[in-house]
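Fold and geometry: a report
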Amino acid sequence: MITMNDVIREGHPTLRAVAKEVPIPLSDEDVALGKDMLQFLKNSQDPELAEKYKLRGGVGLAAPQLDVSKRIIALEIPNTETEGADPILSTVMYNPKIVSHSVQQACLDEGEGCLSVDRPVPGYVIRQARITVRYTDINGDTQKARFKNYTAIVVQHEIDHLNGIMFYDHINEKNPFFAPEDVLILG
Ligand SMILES: O=CN(O)CCNC(=O)c1cccc(Cl)c1Cl
Ligand code: NI
């Protein structure tokens, strides 16, 4: 199973590398890695397992964070509205590509965190409010999906990892909580 020991931290060069596309059809190894990444996220959101294995909670994970420079991301976004409800998004994306996005931008009012960053970095991380992503799913099928608000932000955080971009690269240095007036600030 993946644990925090497998997660590389800022300063490791792989976090700043551009990851390579994975061959399609997917190799057994890449399918297995995707499944392990998704399981890590589920484990990290389970209070007992997170405590037992000292896992930091995450809603997304990118293969470069495991020192695997491949274009693979996993997303496990829970539905916090209703206890025990199905997750909003639970998927593995191979070779994800943002094919279009809104002009409208958005950010999370509480900012973002990263398993590869062992320190809080406060500030608004300005991203696209809505995105359309094309990717290959774990069954090898090509998907095209639209995401908005929180989910869109998480997907962008993960795709950034595939391009060597860290969330704090988007924070305004002079005024971390600066947001142009038409930016959606999501609570
Ligand atoms: O790359 C993935 N991680 O570093 C996992 C830990 N961070 C999060 O779950 C997280 C937390 C807040 C906002 C966003 Cl957008 C994300 Cl992604
Ligand atoms: Ni991250």
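The structure we're discussing is the one just above.
On a predicted model such as this, the values are computed, not experimentally measured, just so you know.

Definitions and cut-offs
- Residues numbered from 1 in each chain as written.
- Chains lettered and ligands numbered in written order.
- Predicted model: local features only at pLDDT ≥ 70, side-chain atom pairs only at ≥ 80, totals over all residues.
- Heavy atoms only, no water.
- Core = buried A, V, L, I, M, F, W, Y, C linked by side-chain atoms within 4.5 Å.
- Buried < 20%, exposed > 50% of the residue type's maximum accessible area, 1.4 Å probe, protein only.
- Helix = DSSP H or I, 4+ residues; strand = E, 2+ residues; numbered from the N terminus.
- Contact = heavy atoms within 4.5 Å.
- Salt bridge = Lys/Arg side-chain N within 4 Å of Asp/Glu carboxyl O.

1. Focus: the nonpolar core
- In this structure, Met37, Phe40, Leu61, Leu66, Ile72 and Tyr94 are the most contacted members of the largest nonpolar core, which totals 21 residues.
- Contributing elements (two or more residues each) for this core: α1 (28-44), β2 (72-77) and β3 (89-101).
- Per element, the largest residue contribution to this core is 6 residues, and it comes from α1.
- Not counting residues up to four positions away in its chain, the partners in contact with Leu61 are Met37, Phe40, Leu41, Leu66, Ile72, Ile73, Ala74, Leu115 and Glu158.
- The next biggest cluster of nonpolar side chains, apart from the first, holds 17 residues, and it includes Ile77, Leu89, Ala152 and Val154.

2. Regarding the pattern of salt bridges
- Per the stated rule, a full pass over the model turns up 9 salt bridges.
- With its nearest N and O atoms 2.7 Å apart, the salt bridge here joins Arg16 to Asp169. Remark: Asp169 occurs in the loop between α3 (149-162) and β8 (184-186) and Arg16 occurs in the segment before α1; sequence separation between them is 153 residues.
- Owing to a relative accessible area of 38%, Asp169 belongs among the partly exposed residues under this scheme.
- Among the ionic pairs, Lys42 bridges to Glu76, the shortest N-O distance being 3.2 Å. In this pair, Lys42 is assigned in helix α1 and Glu76 in strand β2, connecting sequence segments 34 residues apart.
- Looking at Glu76, the relative accessible area reads 6%, which means it is buried.

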